[in-house]
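Results of the structural survey
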Amino acid sequence: MNNTQKIKKILIPNRGEIAVRIQRTCRELEIPSVAVFSDPDRYALHVRYADEAYHLPGSLPGETYLNQEKIFEIAKKCGADAIHPGYGFLSENAEFVKGCQKNGIVFIGPPASAIEAMGLKTGARTIMTKAGVPVVPGTEPLKTHEEAAQEADKMGYPVLIKASAGGGGKGMRKVEKREDIESAFQACRREAQSAFGDPRVYMEKYLENPRHVEFQVLADSYGKVIHLYERECSVQRRHQKIVEETPSPVLDEALREKMGQVAVEAARASGYINAGTIEFLVDKNRDFYFLEMNTRLQVEHPITEMITGIDLVEQQIRIARGEAIQYERVPSRGAAMECRIYAEDPTNQFMPSPGSIKALTNPGGPGVRNDSGVYGGYSIPMEYDPMISKLIAYGENREQVINRMLRALEEYYLSGIRTNIRYLRKIISHPAFLSGNYDTHFIEQNSRDLMEISEDNESIALVAAAILKLMHSENRSNHQDEGQGTQKESPWKVFGRKRGMGQ
């Protein structure tokens, strides 16, 4: 079983926090990392942190981070013998994986065949059905809206029309009645073509009030597949996850064991190698159904790392160079939670908020991790996704995790841009979330509560002024008697600590 190969240098055709996250593991493994950057990202954190950095001329993703020809050219120029794609961009592009193989570059991820098998949702459903994995009732790709209407009549309303090559909530419409089928069908096709270059859509039975639970899997080249437990991802806005936690409040040990084994079998059925995620929907009767497989590292992977102590990026690299998985059954301990921090304005329909970060205070303390792609003075570009960091909390149990996350969110301060930090505090402290009894409709069902602003403008102004004064005041000691400094009150106290206030 000695088929290992040494990886000497890793190129990361990505940006933001995930590029920095991969670079950190590379540094621990003493493998040089290579960054690429577009015009707007010239001064980005991932460029500063990398051992080498190369320019991708242009601003738009198609001419920069999706430019396969240019990326391979840079890989050859710098001598990179491996590529880690992160998530998004080229991470689930089978043609890019084939291009890596053609250029003699190790792709740190699954084989092209597995990406192709799982890339089309309808094809993945067929594979899972043959493997005995339960799937949500659905159809093959639909050619016309008339065909869609006929299938919906047989299936029963409501139904969900979805892009065959979809992901991230794009190309998806819920349909409540027959007369809305045509408009939803055409809208999904247009959005699918625009987002994925593939207009095909299919239909699934819409499950009422489901939970979204996914399992992390690892598979090596020798046929070994293990799972690293679940992540609860039901807090979603427009089908986009914004808060994730583990363990899931809805699973007991028996259901966890059953779903974990199904996830392992699903990965085997697709011929999978490397790190991947099997996503399920769990209904009110606690029956579960295969939703899709993500053939890449997930945004929310850090919470799995927190409860297992396993560096998933390190495992990806080890598997890619031919090593066998060294674990049998991985123990889990405690609980973890992730909040996605976005440069966006919740009070203005969540519009992106690009601009310069004038001041930044990062949270810290016991059990807190912040995977960030920004720094004070950095200017957030408008060309890319507005997520700027992922705030992760770990604790012995769910109660401690929630308390730590609330504390960390209170400490997290950025000026110069709008963020969703206060909105996240409202989510974490909402009674339905605290109870653990929530589903994928949590955001829409509680939208009015979540949008209420508990802090008045004067309080916010006081916090901002206090922090800026602490950070930028000059020679404060001149205004005090030596050795007799005045006790100052923490600026964070204006927020209070009452959970019912939505802090």
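Some thoughts on unusual backbone geometry
- Residue Pro158 follows Tyr157 across a cis peptide bond; omega there is -5°.
- As for its placement among the helices and strands, Pro158 is situated in the loop between helix H7 (145–155) and strand S6 (159–163).
- Of note, the bond from Thr246 into Pro247 is cis; its omega dihedral lies within 30 degrees of zero at 0°.
- Tracing the sequence through the fold places Pro247 in the loop between strand S11 (240–246) and helix H9 (253–269).
- In this structure, Tyr229 is a non-glycine residue whose phi angle is positive, near 75°.
- Here Tyr229 is to be found in strand S10 (residues 225–237).
- One non-glycine residue with positive phi stands out, namely Arg286, at about 70°.
- Owing to a relative accessible area of 32%, Arg286 belongs among the partly exposed residues under this scheme.

Remarks on the environment of Ala335
- Examined against the element boundaries, Ala335 turns out to sit in strand S14 (residues 335–342).
- Accessibility expressed as a relative area gives 6% for Ala335, which makes it buried.
- Here the alpha-carbon distance between Ala335 and Gly395, two residues 60 residues apart in the chain, equals 5.5 Å.
- Excluding anything up to four places from it in sequence, Ala335 contacts Thr246, Pro247, Ile307, Ala393, Tyr394, Gly395, Glu396, Asn397, Arg398 and Val401.

Topic: the nonpolar core
- Counting residues in hydrophobic clusters, the biggest one holds 94 residues, and the most contacted among them are Leu11, Val243, Ile427, Ile428 and Phe433.
- No other element matches helix H12 (residues 398–411), which puts 6 residues into this core.
- Counting contributing residues, this core receives three or more from each of domain 1 (10–108) and domain 3 (211–451).
- In this view, Val243 contacts Glu232, Cys233, Val235, Met337, Glu338, Cys339, Leu424, Ile427, Ile428 and Phe433; residues no more than four positions away in its chain are not counted.
- Met118, Ala124, Ala219 and Val282 belong to the second-largest nonpolar core, a separate cluster that totals 27 residues.

Cut-offs applied
- Residues numbered from 1 in each chain as written.
- Predicted model: local features only at pLDDT ≥ 70, side-chain atom pairs only at ≥ 80, totals over all residues.
- Heavy atoms only, no water.
- Helix = DSSP H or I, 4+ residues; strand = E, 2+ residues; numbered from the N terminus.
- Buried < 20%, exposed > 50% of the residue type's maximum accessible area, 1.4 Å probe, protein only.
- Contact = heavy atoms within 4.5 Å.
- Core = buried A, V, L, I, M, F, W, Y, C linked by side-chain atoms within 4.5 Å.
- Domains from an automatic or database assignment.

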